[in-house]
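Structure assessment
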Amino acid sequence: MTASSSNINNSTPYSPNMTDNKIRIGLFGFGTVGQGVYQILDKAKNSHAEIKHICVRDINKQRNIHPREGLLTDNASDIFDDPDINLIVELVDNADASYQIVTTALRRGIPVVSGSKAMIARHLPELIELQHTHHTALLYDASSCGSIPVIRNLEEYYDNDLLLEVKGILNGSSNYILSRVFDHGEDYADALHRAQTLGFAESDPSFDIEGYDALFKLIIITVHALGSYVAPEDIFTCGISNIHDADIQYAREKGAKIKLVAQVAKVSDEAFTMFVMPELVEKSKYIYSVDDEYNGVVIRGECYDRQFMFGKGAGGLPTASSILSDIMARLHHYRYEYKKMTYLDRPIYTTDIDVRVYIRYSDTDVPAALQFNKIIELHLTEQSNYLIGEIPLRRLIEHRDLFSAPDVFIANIPVFFIDRDN
Ligand code: HSE
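So, here is what we can say about the structure in this document. Quick caveat: nothing in here was measured; it's all calculated off a predicted structure. Along every chain, residues carry numbers that run from 1 in the direction the sequence is written. The model is predicted, so local features are restricted to residues of pLDDT at least 70 and side-chain atom pairs to those at 80 or more, both for listing and for counting; the totals for chains, interfaces and linings are taken over all residues. To obtain the side-chain values, all non-hydrogen atoms of the structure were included, while hydrogens and water were left out.

1. A look at unusual backbone geometry
In terms of backbone geometry, most residues other than glycine have negative phi values and most peptide bonds are trans. Phi at Cys 145 is positive, roughly 70 degrees, even though this residue is not glycine. Here a strand is any run of E in DSSP of at least two residues, a helix any run of H or I of at least four, and the numbering for each starts at the N terminus. Secondary-structure assignment places Cys 145 in the loop between strand E6 (138–139) and helix H5 (150–156). One non-glycine residue, Asp 305, adopts positive backbone phi at about 60 degrees.

Rendered as structure tokens:
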């Protein structure tokens, strides 16, 4: 991407030209989602928004969709120096380039719509600061759960302190893989390959299957749910790559499915916790029926118990529909206010809570290394062993390397942290 700092002119002052109430977009990136945005704007013949330039790294690359003559450029200055452009849409598949583009735009006061969850999750405090300092906006509903409007709902509707928990399936690719393996008996590697060809998976699919994509979304969601930012390295994250037939068999015997679940939950009036790991999901739970590339988010609060949002969480057009929603929100000058970040009684992050887990392992030192507070079940066989036990979350973080060994698989068995009004 040529939008490196070298060819972006930072000196030109910017004042958004919105006199005719029309959004004129400079689009960075023309991959799956960028092409989806182009298609949607073209199909909808939306007279309030038009793409003026599309900046790509390689202008001659073979593409399935061919933008109108003259739209493609490989020079970021065509966007940054065009005074007509009043919104930048950033959909670049490279976190460093994405950071350069977004921070340059914000510093120049140009509003941005972005879908770059990894970059946003890593830099959110700075990005919030830049929005305040330069009186501009960064919208990113598409970064979390594709077409499901999670962020704006948390920001606006759930703008109170009743929220107890946000939990769900935030990664479409891993859910697609688990569905194919669990419900259709497919091979794990085939299912992963299909998730890639269908355009759900990240260019580095380990982000999907090792839980990092869900982690980035959870971090962003937590800022809008509870007003607190927690850095990725402080959160326990474990994915599905070590899942084995024995785990699937165990889940089936219990009438459960294994899903990759991300959650943030208040554990008291003063504290909250968060983590990403596979979970044994019982039939009675909303997310049990969330299959394939779909995402499902359960919001639990005092007074209203649970609410459930369901929809396509990955794929070009579903994600592009969320980008379009953010584009149209800018027509009304919408910006996130991060109101919960200014609340005085924000809960603090803790890992000092016990979680109940299923662990399958073959190395018999695993239980000793982890020092469970309580072992509820222990099965030892010649092939492999498993146990159900209770352990402080902080200890899982301390021993996170243990879970990258291929013979170890962990799944959460959910417990209520706060059982109020339910
Ligand atoms: N790779 C992501 C997923 C794309 O599978 O959910 C949408 O963020």
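2. Digging into helix H3 (residues 95–107)
Taking 1.5 Å as the rise per residue, H3 with 13 residues should run 18 Å; its terminal C-alpha atoms sit 18 Å apart, in good agreement. Those residues of H3 that sit buried are Ala 97, Ser 98, Tyr 99, Ile 101, Val 102, Thr 103, Thr 104, Ala 105 and Leu 106. The contact definition used throughout considers only heavy atoms, calling two residues in contact when any of these lie within 4.5 Å. For H3, the elements touching its buried residues are strand E1 (23–28), helix H2 (77–80), strand E4 (87–90), strand E5 (112–114), helix H4 (117–133) and E6. Two or three places before Asp 96, at the opening of H3, Asn 94 has a side-chain oxygen 2.9 Å from that residue's backbone nitrogen. Of the residues one or two after H3, Gly 109 is the one with positive phi, at around 80 degrees. Given the number of residues in a helix, its expected span is that number minus one, multiplied by 1.5 Å. Whether a residue is buried, partly exposed or exposed follows from its accessible area with a 1.4 Å probe, protein chains only, as a fraction of its type maximum: under 20%, in between, or over 50%, in that order. Polar contact criterion, stated in full: a pair of N or O atoms within 3.5 Å, where within protein one must be able to donate a hydrogen and the other to accept it, and residues adjacent in sequence count only if both atoms are side-chain atoms.

3. Here we look at the sheet that holds E6
A pair of strands is considered paired only if DSSP assigns at least 2 bridges between the two. The strand order across the open sheet formed by six strands is E3-E2-E1-E4-E5-E6, and the pairing between neighbours is parallel. Pairing within the sheet leaves two strands with one partner each, and these edge strands are strand E3 (72–73) and E6. Taken together, the two bridges between strand E2 (residues 49–55) and E3 define a ladder with parallel strand orientation. Opposite Ile 54, over in E3, you have Leu 72 as the bridge partner. What counts as an axis is a line fitted to C-alpha atoms, over the stretch in contact for a helix, and the angles between N-to-C directions run from 0 to 180 degrees. Helix-sheet contacts for helix H1 (residues 32–44) involve E1 and E2, and the interaxial angle to E2 is about 150 degrees.

4. Quick notes on the site of the ligand
Neighbouring the ligand are the residues Lys 117, Asn 171, Gly 172, Ser 173, Phe 200, Ala 201, Glu 202, Asp 208, Asp 213, Lys 217, Gly 313 and Ala 314. Phe 200 has a polar backbone atom sitting 2.7 Å from a nitrogen atom of the ligand. A distance of 2.9 Å separates an oxygen atom of the ligand from a polar side-chain atom of Lys 217. For the ligand, whose accessible area on its own is 250 Å², the fraction buried by protein is 93%. Looking at the shell around the ligand, the elements with two or more residues in it are helix H6 (172–184) and helix H9 (212–226). Here a residue is near a molecule or strand as soon as one of its heavy atoms is found within 4 Å of it. For accessible areas, the Shrake-Rupley method is used with a probe of radius 1.4 Å. Any residue's cover is judged against the shown protein chains and nothing else.

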